[in-house]
Amino acid sequence: MALGCEGLLTLTIKMRVSPEPSLFKELVSLMKRYREGLNHVIGFVIESKALSLGKAHKLLYSVLKERYGLPSKVAQDCYREAIAIAKSWLGNPNRGRVPRAKTPRLWLTHGYSYRVRDGYVEVLGGFRLRIIGWDKRYYAYPSGDARLILKDGKFILCISKSVPRPVKYVVRGVLAADVNEKHIVVGNSQYEYRFETAVEKALHYKHLAEELQKKCSSPKYNAWLRRRGVRDRIRYFHRRARSIIRDWVKKTSHKIASLAKQHLYAVAKEDLTNLVESLRKLPKEHRVSLLILSYRKLEHWIDWQCEKNGAPLIVVEPRGTSTTCPMCSSKLIENGYRRLRCSRCGFEADRDTVAVLNIEKRALVQMWGALTPLNAPQVTDVAPNR
Ligand SMILES: [Zn+2]
């Protein structure tokens, strides 16, 4: 195995920053104009297919300068960002509405629009922002473009950094992860860990939002929409639900990758693409939308955490993982709530344990090519249905 660096990873570091009070208003006004300009340009670029910088410059530069009052460099950053957003939206087969920037912001080109020095960030246009708190782990690595956003009254600077991709370690086994609505079960023929998903907890906030909305709307017109306090509260509940899922996914994928690294396991999981696709066809309920969010984020974050920890990731075909006997490959039959039994070899386990063992088995075959014998798990060690 090659030693040293295997290319680069791009990650984003975030820092709280605070502008000098005398320039506060001016900066906020610039960021708001940038947002308006950006939204205008995104719509325009998508409609007119002006996806090249040259075209965008010709058609939009003067509009951004005159109508939105953006300085030249900021105007350039603005259509560059708009083109990037438009391209990624057009490339997404499941795209919804045209994306819109919601928070006041500024895109900052590296080496030109901003620099970090002596505990301050200097932004083109004479703004100086004091750094309040940040994660210094990746400070020494080369910086890329950055984004300054204003969220809930706080200024956050997100800088992209290029760090060396950790070398993948030599694996000794597989840590399989199986996810369902209630649990994510992680393990192999020797261990099993269960983490509850955050869907229920997030759902609670979705219901709060719904109740409030019902309470405040009359059949004639949406009174709640007119009452800012109520509307903000409803939005807060929805946001809270999403952030619960996001936090859970980040925390859990970090746990999985660290566990794998500690034991020198490869991480194996099912390909969730088809699962997400079939969920999309269901009626748009809160539970379904939270599940789609969880699975999509999990795909992304497990992949990312594995890269960061040098853990090899193996994605296996999901068909039949929870219905096939992991010992003899016969079809399992139901034997009580979420319990399955093999009529041929007598193997019996909880549905999630079955899935974990099958994912492990498929990953081992994928990794080492040959079928490796699995030790039968000691069923008494696992707590079925928790
Ligand atoms: Zn069997």
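Along each chain, numbering runs from 1 in the same order as the chain's sequence is written. Only residues with pLDDT of at least 70 are given local features in this predicted model, and only at 80 or more are side-chain atom pairs given and counted; all residues enter the totals for whole chains, interfaces and linings.

**Student:** Teacher, can you tell me more about the sheet that holds strand 10 (residues 192–196) here?
**Tutor:** Paired through their backbone hydrogen bonds, the strands of a sheet run either parallel or antiparallel. At least two bridges found by DSSP between two strands are what make those strands a pair. Helix and strand assignments come from DSSP, with helices taken as H or I runs of at least 4 residues and strands as E runs of at least 2, each series counted from the N terminus. If you trace the 5 strands from one edge of the open sheet to the other, you get 10-9-8-11-12, paired in mixed fashion. Either end of the sheet is taken by a strand with one partner, and the two such strands are strand 10 and strand 12 (313–316). Neighbouring strand axes in the sheet, compared pairwise and without regard to direction, differ in orientation by 20° on average. Across 4 bridges, the pairing between strand 11 (residues 265–270) and strand 12 is parallel. Directly across from Val267, in strand 12, lies its bridge partner Leu313. A pair of residues counts as a contact when their C-beta atoms, built from backbone coordinates, are separated by no more than 7 Å. Convention adopted: a line fitted to C-alpha atoms gives each axis, helices being fitted over their contacting stretch, and angles between N-to-C directions are expressed from 0 to 180 degrees. Its contacts with the sheet place helix 9 (residues 351–368) against strand 8 (173–179), strand 9 (183–187), strand 10, strand 11 and strand 12, and it is angled at close to 135° to strand 8.

**Student:** Explanation requested: the sheet that holds strand 7 (residues 154–164) in the structure shown.
**Tutor:** Reading across the sheet, the 7 strands line up as 2-6-7-1-5-4-3 and stay open at both edges, with antiparallel pairing between neighbours. Edge positions in the sheet fall to strand 2 (105–108) and strand 3 (114–117), since each of these pairs with one other strand and no more. For this sheet the average axis-to-axis angle between neighbouring strands, irrespective of direction, equals 30°. In this sheet, strand 7 lies alongside strand 6 (residues 143–151) in antiparallel orientation, the contact comprising 7 bridges. Across the sheet, Ile149 pairs through a bridge with Ile156, a residue of strand 7. Its contacts with the sheet place helix 1 (residues 24–48) against strand 1 (8–19), strand 2, strand 5 (127–134) and strand 6, and it is angled at close to 80° to strand 2.

**Student:** How should I be thinking about the nonpolar core in this particular structure?
**Tutor:** Within soluble globular proteins, side chains that are nonpolar tend to cluster in buried spots. One finds Leu175, Ala266, Val267, Ala268 and Ala363 to be the most contacted residues of the largest nonpolar core, which totals 45 residues. Of all the secondary-structure elements, those providing two or more residues to this core are strand 8, strand 9, helix 4 (199–216), helix 6 (228–263), strand 11, helix 8 (286–309), strand 12 and helix 9. Once residues within four sequence positions are removed from consideration, Leu175 is found in contact with Val186, Asn188, Ile256, Leu259, Ala260, Tyr265, Val267 and Ala268. Listed in part, the 36 residues of the second largest apolar core include Leu60, Cys78, Phe127 and Ile159. Buried Ala, Val, Leu, Ile, Met, Phe, Trp, Tyr and Cys residues form a nonpolar core when they are connected through C-beta atoms within 7 Å. Buried residues are those with 20 or more other C-beta atoms within 10 Å of their own C-beta, exposed residues have 12 or fewer, and partly exposed residues lie in between; C-beta atoms are placed from the backbone.

**Student:** Please clarify how the environment of Tyr34 should be interpreted in this entry.
**Tutor:** Note that Tyr34 resides in helix 1. In this structure Tyr34 comes out as buried when scored by C-beta crowding, with 25 C-beta atoms within 10 Å. Expressed as a C-alpha distance, the spacing of Tyr34 and Phe195, which sit 161 residues apart in the sequence, is 42 Å.

**Student:** Can you help me understand the environment of Asp271 in this one?
**Tutor:** With respect to the element layout, Asp271 can be found in the loop between strand 11 and helix 7 (273–280). According to the C-beta neighbour criterion, Asp271 is partly exposed, with 13 such atoms within 10 Å. Through-space distance from the C-alpha of Asp271 to that of Val316 is 6.0 Å; in sequence the pair is 45 residues apart. Once residues within four sequence positions are removed from consideration, Asp271 is found in contact with Val315, Glu317 and Pro318.

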